[in-house]
Amino acid sequence: MVGTFRLNWIKSCLSQSNSMWFHIPRSLFKQIGGLDFVLKCDFDVNRIPTKLSDFHKQALLSSKMVFTHNFSPHNSNVWNNRVITINRKSVFIGNWFEQDIIFVTDLMDCNGSFFSYADIVEKYNLNCSQRYFNKICKAIPLPLIHLIQNFLIYNNSLSILPNLLIDECNLMDKKCNNKFISYVLKSRIFHDYCRGIRQSPILVNSVTLNKAYSKFIKWPILPKVKETHFKILNKIYPVSDFLKKRFKFEVDLCSFCNNEDETLEHLFFLCPVSQFFGQI
Ligand SMILES: [Zn+2]
């Protein structure tokens, strides 16, 4: 819910760009190219080259959870990029940005070599010292430069900024409502959410479902048991199948019967050993 609120805040801030309620964040983000631009960058919230309030940081972090910008070397931004840093902070230079220098490729010729200082000043009509220009070029990590160079040899596509898409749906689209945003956030947090959390074999009818989801909180049982119950219901109990899917752990078969994959259903409901427990 909190994540949805934050994303809605971003949405309003983008859509009501003239509203006085967004005057402060607008001025803040303007120092680093505007909120719309920042959201399209591959930023690290702690490296952003301006001081942001905790709320703005949290809003940006929530945005990182839902926007999927596919990495492509030639689309790498120079600005607010988490890997292009000077003194451990990303960089942003307003007047370069205004002159349409956005991508690393904007500083390169068609073979992927950096323009010389004289060329760049002439091309973009810039006013900057050679020392500073060298500093920026040096901040771009070599592996990234190599990736871009390799890409340029075989491709000739123009660098573009990504769209703000949440699971193929535009952030500003009508379809991108609270329900949709909250669904996407949940499916990012709970790995199995999309598969339907209500398909556990024991939960067959709505009465049992209702009891299982709500009543257990009031039962006079130990907190640890409630916690386990909650984890099973939400399919986040760390059985080995879960650890394998979510964290790519190497796992063994069921630790009771050593016969089948240790899924949640198997361990608690279907394994012969746990069924034997149920009988006593
Ligand atoms: Zn078993």
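Residues numbered from 1 in each chain as written. Predicted model: local features only at pLDDT ≥ 70, side-chain atom pairs only at ≥ 80, totals over all residues.

A.B. asks: Honestly, the overall build of the protein in this entry has me stumped. Any pointers?
C.D. replies: Each helix and strand counted, the protein has 14 helices and 4 strands in total. Over its C-alpha atoms the protein spans a radius of gyration of 25 Å, topping by over 25% the 19 Å that the globule rule assigns to 280 residues. When burial is assessed residue by residue, the protein has 21% of its 280 residues classed as buried. Restricting to contacts in the protein with at least 6 residues of sequence separation, those with at least 24 account for 57%. (Helix = DSSP H or I, 4+ residues; strand = E, 2+ residues; numbered from the N terminus. Rg over C-alpha atoms; globule rule 2.2 N^0.38 Å. Buried ≥ 20, exposed ≤ 12 C-beta atoms within 10 Å, placed from the backbone. Contact = placed C-beta atoms within 7 Å.)

A.B. asks: Whenever I open this one, the packing of helix α1 (residues 2-15) against helix α9 (residues 178-189) confuses me. Can you help?
C.D. replies: The geometry of a pair of packed helices is captured by two quantities: the angle between their axes and the separation between those axes. In contact at an axis separation of 9 Å, α1 and α9 are set at 125 degrees when each is read in the N-to-C sense. By the angle between their axes, α1 is oblique relative to α9. Considering the relative orientation of α1 and α9, their crossing is right-handed. On α9, the residues touching G3, T4, L7 and N8 of α1 are N178, I181, S182 and L185. Here the contact of α1 with α9 is composed, by residue class, of 3 nonpolar, 5 polar and no charged. (Axes fitted to C-alpha atoms, helices over the stretch in contact; angles between N-to-C directions. Parallel < 35°, antiparallel > 145°, perpendicular 65-115°, else oblique. Left-handed = near helix turned anticlockwise from the far one by under 90°. Nonpolar A, V, L, I, M, F, W, Y, C, P; charged D, E, K, R; others polar.)

A.B. asks: Got a minute to help me understand the environment of F256 in this structure?
C.D. replies: Tracing the backbone through its elements, the reader meets F256 in the loop between α12 (240-247) and α13 (264-270). The class of F256 is partly exposed, set by 16 C-beta atoms lying within 10 Å.

A.B. asks: For this particular structure, what's the right way to read the nonpolar core?
C.D. replies: The biggest cluster of nonpolar side chains holds 35 residues, and the ones touching the most others in it are V38, V78, W79, V91, V104, I166 and I181. Counting residues per element, the ones that place at least two in this core are α1, α3 (35-39), α4 (54-66) and α9. Residue assignment places this core across two domains, with domain 1 (2-70 + 162-170) and domain 2 (73-154) each supplying three or more. Setting aside its immediate chain neighbours within four residues, V38 contacts F29, I32, G33, F43 and N80. In this structure, V239, C254, L264 and L267 belong to the second largest nonpolar core, which totals 6 residues. (Core = buried A, V, L, I, M, F, W, Y, C linked by C-beta atoms within 7 Å. Domains from an automatic or database assignment.)

A.B. asks: Please clarify how unusual backbone geometry should be interpreted in this entry.
C.D. replies: For residues that are not glycine, phi is negative in most cases, and the peptide bond is trans in most cases. The residue R88 is not glycine, and still its phi comes out positive at about 65 degrees. In this structure, R88 sits in the loop between β1 (85-86) and β2 (89-90). Here R88 falls in the exposed class, since 8 other C-beta atoms lie within 10 Å of it. Of note in this structure, N125 is not a glycine but carries a positive phi near 55 degrees. With respect to the helices, strands and loops of the structure, N125 is situated in the loop between α6 (117-124) and α7 (130-139).

A.B. asks: Is there a simple way to think about α4 in this case?
C.D. replies: Counting along an α-helix, one turn takes 3.6 residues, and residues three or four places apart therefore face a common direction. The terminal C-alpha atoms of α4 lie 19 Å apart, and with 13 residues this matches the ideal 18 Å at 1.5 Å per residue to within 8%. Listed as buried for α4 are H56, A59, L60, S62, S63 and V66. For α4, the arc enclosing every buried residue in end-on projection is 160 degrees, short of the 170-degree limit, so these residues lie on one face. Exposed side chains of α4 directed beyond 90 degrees from the buried face belong to D54 and L61. (Expected span 1.5 Å × (residues − 1). Arc of directions from axis to C-beta.)

A.B. asks: For this particular structure, what's the right way to read the domain arrangement of the protein?
C.D. replies: The parts lose accessible area when they come together, and the size of an interface is often stated as this lost area. Considered domain by domain, the protein is made up of domain 1 (2-70 + 162-170), domain 2 (73-154) and domain 3 (198-279). Using only C-alpha atoms to locate each centre, domain 1 and domain 2 end up separated by 23 Å. At the interface, 10 residues of domain 1 touch 12 residues of domain 2. Here the residues of the side of domain 1 that touches domain 2 are counted per class, giving 6 nonpolar, 1 polar and 3 charged.

A.B. asks: Just checking my understanding: could you explain the environment of V225 for this structure?
C.D. replies: Locating V225 in the fold gives a position in helix α11 (residues 223-233). Judged by the 11 C-beta atoms lying within 10 Å of it, V225 falls in the exposed class. On a C-alpha basis, the gap between V225 and Q16 in space is 48 Å, while along the polypeptide they are 209 residues apart.

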